[in-house]
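Analysis of the macromolecular model
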Amino acid sequence: MQSDYENILQVDGLSKYFGGLAAVSNCSIKIKKGSITGVIGPNGSGKTTLFNLIAGNLKPNEGKVHLYGEDITGVASHELFSKGLLRTFQIAHEFTNLTVLENLMMVPSNQSGEDLINAWFKAKIVNEEEQKIKEKAFEVIEFLNLKHLTNELAGNLSGGQKKLLELGRTMMVDAKIVLLDEVAAGVNRTLLKEISNSILRLNKEKGYTFCMIEHDMDFISRMCDPVIVMSEGSVLFEGTADEVKNNEQVIESYLGRRTIIEKEKN
């Protein structure tokens with residue numbers, strides 16, 4: 001491990017087996033602080049399982065995960081949340097019957113109002129805390145250009161708007177690294193531009209580190225450096241987007257296969 005923790009996240013020899021089948025096999029990656037790292041690969045290459053292992057949704061059979069040098073292997077997702085490691089999903093997980101504002105206000109943990117005793121006898125403290133959280137939520141809404149949807153039920157949002165809301169949820173806490181799972185999937189080009197601009201602003205203005213699974217190579221090329229290519233549960237190649245596109249192993253394993261499929265469809 002580096003003494004200055006240039007790598008905010010380090011995965012060493014991670015493996016996960018399901019019924020004897022290795023979904024992730026001796027996988028090692030490093031995520032540099034302040035980077036936007038892309039993870040690509042064919043379906044079944046282990047990308048989502050890797051994210052689930054890092055984010056505490058699954059426990060590995062072998063290997064270690066370190067966050068800023070701390071061993072977080074197998075630590076539950078809610079504990080990692082408090083450490084600043086957050087994860088979004090391909091299908092957004094919003095509270096459908098709450099407004100955009102209310103969804104954001106639900107994010108911070110250990111709120112005073114959650115304790116019945118505080119709600120009864122420390123109403124002033126509860127109200128002051130709630131007001132600060134609401135102000136933070138309004139700041140997030142402004143940042144993401146969602147002001148026109150402040151009081152809209154989250155269940156009524158489009159797929160792209162829900163993913164913007166998920167991004168906003170990461171802004172309600174002290175996020176250090178955010179794992180994004182196919183943020184571009186099913187999103188129209190206009191909203192995708194909004195999402196990509198928000199990610200870039202969070203990275204440059206607020207120092208967020210991102211690691212994203214994505215199939216859209218154009219999106220990856222614009223957003224990510226480096227790009228990690230996975231195949232059969234481990235890292236096949238790592239480099240810039242241009243290096244990935246021109247690597248023979250990657251073309252044969254992933255890009256070439258995708259190109260053939262697209263040609264067959266046409």
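Treat the numbers as computed from the prediction; the structure is a model and nothing was measured.

Rules and cut-offs
Residues numbered from 1 in each chain as written. Predicted model: local features only at pLDDT ≥ 70, side-chain atom pairs only at ≥ 80, totals over all residues. Heavy atoms only, no water. Salt bridge = Lys/Arg side-chain N within 4 Å of Asp/Glu carboxyl O. Buried < 20%, exposed > 50% of the residue type's maximum accessible area, 1.4 Å probe, protein only. Helix = DSSP H or I, 4+ residues; strand = E, 2+ residues; numbered from the N terminus. Core = buried A, V, L, I, M, F, W, Y, C linked by side-chain atoms within 4.5 Å. Contact = heavy atoms within 4.5 Å. Pairing = 2+ DSSP bridges. Axes fitted to C-alpha atoms, helices over the stretch in contact; angles between N-to-C directions. Phe/Tyr/Trp six-rings, centres within 6.5 Å; stacked < 30°, edge-to-face > 60°. Lys NZ or Arg CZ within 6 Å of the ring centre and 35° of its normal. Parallel < 35°, antiparallel > 145°, perpendicular 65-115°, else oblique. Left-handed = near helix turned anticlockwise from the far one by under 90°. Nonpolar A, V, L, I, M, F, W, Y, C, P; charged D, E, K, R; others polar.

**Examining the pattern of salt bridges**
Within this structure, the stated rule accounts for seven salt bridges. Across the pair Asp-71 and Lys-64 runs a salt bridge whose closest N-O atoms are separated by 3.5 Å. Classification of Asp-71 by relative accessible area gives partly exposed; the value is 37%. The salt bridge involving Glu-70 is made with Lys-83; its shortest N-O contact spans 2.9 Å. Of the two residues, Glu-70 sits in strand S5 (residues 70–71) while Lys-83 sits in helix H2 (residues 77–83), which places them 13 residues apart along the sequence. The exposure class assigned to Lys-83 is partly exposed, which follows from its relative accessible area of 28%.

**Some remarks on the nonpolar core**
Soluble, globular proteins show a tendency: their nonpolar side chains are buried together. One finds Ile-40, Leu-144, Ile-199, Phe-210 and Met-212 to be the most contacted residues of the largest nonpolar core, which totals 49 residues. Beyond its immediate chain neighbours, meaning those up to four positions away, Phe-210 contacts Ser-35, Ile-36, Thr-37, Leu-167, Val-178, Leu-180, Ile-199, Leu-202 and Asn-203. Judged by nonpolar contacts, the second largest core, of 26 residues, contains Ile-29, Phe-51, Ile-54 and Ile-228.

**Focus on the sheet that holds strand S4 (residues 62–67)**
Taken together, four strands build an open sheet; the order of strands is S2-S1-S4-S5 and the sheet is antiparallel. Only two strands of the sheet have a single neighbouring strand rather than two, namely strand S2 (21–32) and S5. Here strand S1 (residues 7–18) pairs with S2 via eight bridges, running antiparallel. Counted as the bridge partner of Leu-14 is Cys-27 from S2. The strands touched by helix H1 (residues 47–54) within the sheet are S1, S2 and S4, with S1 carrying the most contacts at an inclination of about 115°.

**Quick look at H1**
Where burial is concerned, most of H1 is hidden: seven out of the eight residues are buried. Buried within H1 are the following residues: Lys-47, Thr-49, Leu-50, Phe-51, Asn-52, Leu-53 and Ile-54. Residue Gly-56 follows H1 closely and has a positive phi angle near 85°.

**A closer look at the packing of aromatic side chains**
On inspection of all chains with the given rule, the structure shows one aromatic pair. Positioned above the aromatic ring of Phe-143 is the side chain of Arg-201, whose terminal nitrogen or guanidinium carbon lies 3.9 Å from the ring centre.

**Notes on the packing of helix H6 (residues 159–171) against helix H7 (residues 189–206)**
It is the contact of H6 with H7, at a shortest axis distance of 9 Å, that shows an interaxial angle of 15°. The angle between H6 and H7 places the two elements in the roughly parallel class. Once H6 is placed against H7, the crossing between them reads as left-handed. On H7, the residues that touch Gly-160, Gln-161, Lys-163, Leu-164, Leu-167 and Met-171 of H6 are Leu-191, Glu-194, Ile-195, Ser-198, Ile-199, Leu-202 and Lys-206. Partitioning the contact of H6 with H7 into residue classes produces seven nonpolar, three polar and three charged.

**A short note on unusual backbone geometry**
Working note: non-glycine residues mostly have negative phi, and peptide bonds are mostly trans. Cis geometry marks the peptide bond from Asp-225 to Pro-226; its omega dihedral reads 10°. Assignment of secondary structure puts Pro-226 in the loop between helix H8 (217–223) and strand S9 (227–231). The phi angle at Tyr-68 is positive, at roughly 50°, despite the residue not being glycine. Mapped onto the fold, Tyr-68 is located in the loop between S4 and S5. Among the residues examined, Tyr-68 registers a relative accessible area of 27% and is labelled partly exposed. With phi around 50°, Glu-182 is a residue other than glycine that occupies positive phi space. In this structure, Glu-182 sits in the loop between strand S7 (177–181) and H7. Judged by its relative accessible area of 11%, Glu-182 is buried.

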